[in-house]
2 protein chains.
Amino acid sequence: MSFQDVFQAYIDNPSKYKQLVEFEDENVLIIKDQFPKAIRHYLVIPRAPEVTHVHPLEVFNRNYKKYSGDELYDLISFYIEKAKTMIIEDLDKLFDHPKENKLALAELKVDFIRAGVHSVPSLRNLHFHVITQDFESERLKNKKHYNSFTTPFFVDFDKLDPWSNKAYDKLNRGGFGSENQYDSDSAYSSESEDDRVFIRHERDKTILDKIIKTTPLKCTYCGAVFGNKFQELKQHLKEEYLKKYALFDGFEPAKLTPNQFK
Amino acid sequence: MSFQDVFQAYIDNPSKYKQLVEFEDENVLIIKDQFPKAIRHYLVIPRAPEVTHVHPLEVFNRNYKKYSGDELYDLISFYIEKAKTMIIEDLDKLFDHPKENKLALAELKVDFIRAGVHSVPSLRNLHFHVITQDFESERLKNKKHYNSFTTPFFVDFDKLDPWSNKAYDKLNRGGFGSENQYDSDSAYSSESEDDRVFIRHERDKTILDKIIKTTPLKCTYCGAVFGNKFQELKQHLKEEYLKKYALFDGFEPAKLTPNQFK
DNA sequence: TATTCCGATAGTGAC
DNA sequence: GTCACTATCGGAATGAG
Ligand SMILES: [Zn+2]
Ligand SMILES: [Zn+2]
């Protein structure tokens, strides 16, 4: 088994990896990323074999034996929400001031946790990132890591919604028909390899590579630009992180570290 | 005094730097390069103030109060030859088998020591490199070092000869007049900034930079190419060095190290 | 193409 | 866009007063 298939072992035998697996049921695993790029960085991993090797930008535009793309999207949405809840519950427990932090945690869940996918995953099993936007982690080691979460290389889960995709498609074919040069007949075909009737997410690896490598490093909090100076970005992110979490009662920097194994 | 002017201190007060200065007279210093890029790497440094800051590719195409460019060339030629002699005498002493090595040393002097200049010197005082072609030295640390001695960035002393330059010019103006678009009136003017009547040595820093950075690493002995793999080149050069000097009686690798201070 | 230090960039190997 | 290792490549400082 290649490194690209590490998640397959978890899918096949989650009980063997109890240290890693935070939640499991028949549909998904939710695990803590082993190399978290932020204070909390979870992964939602669908288990179905017919789904696990479909590209994340295409997975909800197909139909499956067990469910349609739409149904799968709704299903995964539930677990994405669950992962977010697990994150704030974990932080709530850590801070140990539930009453004082209730509002701030609710805001953090909505404003400061992003869920989505990488346009070019390196690990072959379908997985969805759920990650706080502090990017405070020793494991965040280079521009590639950072820009994979902060540029269009990262596609929000919301943008994968096949319903909004269809609406987008309709809009284009109505008002801006000339912009849509694709075969609408194949739009809902689960057999078709053609996913181009949906929202246009960049798939060209050369272009995506360029995005990762040439997009200047930019603070997600304040927009400050650091060019290629990754160390300076890291230093700045640490300061932003300290400011951000200072809003929570019971925050201690030494305790609020990136998620690790139990 | 900036690092770019280190040689000026030697010129001004050679007796203060007896450890470095191998030879001095009123015209030049001959020193062992402090960061030798080969087993023997000496520098010939003219002392005259009116000469020391002239660009090496132009220095023999001007006239001076003390001498014409031609005369200066002949003068420096003498010291270049002297430096080569010092190198083989040093090796002769080290090997300690003068009779057996006489012929091989004579050949080494002619075939294996190059003298010349860098097209873009980093140190401001005019200096001529006299260097064995083994490039066996810990101080040879990167492609820039190596390619500065093995590409057209390095211009042989012979190619600076103003007499051959003039012959070249004449030839071009006769047989290939159209290739010479320059003002021949300024050819011998010591005041002119125009050195273009002489052999065309590349002076464009962008082009020279490209030569240094993009020329694939290539063994000077056998032509083997190593691309950008500097460590592999180094390993190969060590093997070539061992073969090369094995021809000398009394050769011991541990003793034949790059020149150092006394 | 002075060196040195540091950091960014690039290639590889992983079973 | 898996990590970890190595090596290559790239910019900045360097002094003196
Ligand atoms: Zn900021
Ligand atoms: Zn060779």
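Residues numbered from 1 in each chain as written. Chains lettered and ligands numbered in written order. Predicted model: local features only at pLDDT ≥ 70, side-chain atom pairs only at ≥ 80, totals over all residues. Heavy atoms only, no water.

**Observations regarding the environment of Gly-69 of chain A**
Residues and elements named next belong to chain A.
Next up, step 1: Secondary-structure assignment places Gly-69 in helix H3 (residues 69-95).
Next up, step 2: According to the relative accessible area criterion, Gly-69 is buried, its value standing at 2%.
Next up, step 3: The spatial distance from the C-alpha of Gly-69 to the C-alpha of Glu-89 is 30 Å, given a sequence separation of 20 residues.
Next up, step 4: Non-local contacts of Gly-69, meaning those with residues more than four positions away in its chain, are made with Phe-60, Arg-62, Asn-63 and Pro-162. (Helix = DSSP H or I, 4+ residues; strand = E, 2+ residues; numbered from the N terminus. Buried < 20%, exposed > 50% of the residue type's maximum accessible area, 1.4 Å probe, protein only. Contact = heavy atoms within 4.5 Å.)

**Here we look at the protein's contact with DNA strand D**
Next up, step 1: Around DNA strand D, the surrounding shell holds 23 residues, and the nearest of these are Lys-37, Ser-122, Lys-144, His-145 and Asp-209 of chain A.
Next up, step 2: Contacts to DNA strand D include Lys-37 of chain A, whose side-chain N or O atom sits 2.7 Å from a phosphate oxygen.
Next up, step 3: Among the elements of the structure, helix H5 (143-150) of chain A together with helix H8 (230-245) of chain B are those that each provide at least two residues to the surface near DNA strand D.
Next up, step 4: Top contributing element to the surface near DNA strand D by residue count: H5 of chain A, with three residues.
Next up, step 5: Of the residues contributing to the surface near DNA strand D, the split by class is nine nonpolar, six polar and eight charged. (Near = heavy atom within 4 Å. Polar contact = N/O pair within 3.5 Å; in protein donor to acceptor, adjacent residues only side chain to side chain. Nonpolar A, V, L, I, M, F, W, Y, C, P; charged D, E, K, R; others polar.)

**A short note on the protein's contact with DNA strand C**
Residues and elements named next belong to chain B.
Next up, step 1: In the vicinity of DNA strand C lie 23 residues, with Ser-122, Lys-144, His-145, Ser-148 and Asp-209 positioned nearest.
Next up, step 2: Sugar and phosphate atoms form 58% of the subset of DNA strand C atoms that lie within 4 Å of the protein.
Next up, step 3: One of the side-chain nitrogen or oxygen atoms of Asp-209 is found 2.5 Å away from a base oxygen of DNA strand C.
Next up, step 4: Considering each element in turn, the surface near DNA strand C owes the most residues, four residues, to helix H5 (residues 143-150).
Next up, step 5: Per-class residue counts for the surface near DNA strand C are nine nonpolar, seven polar and seven charged.

Take it as geometry only, folks, not as evidence of what the structure does.
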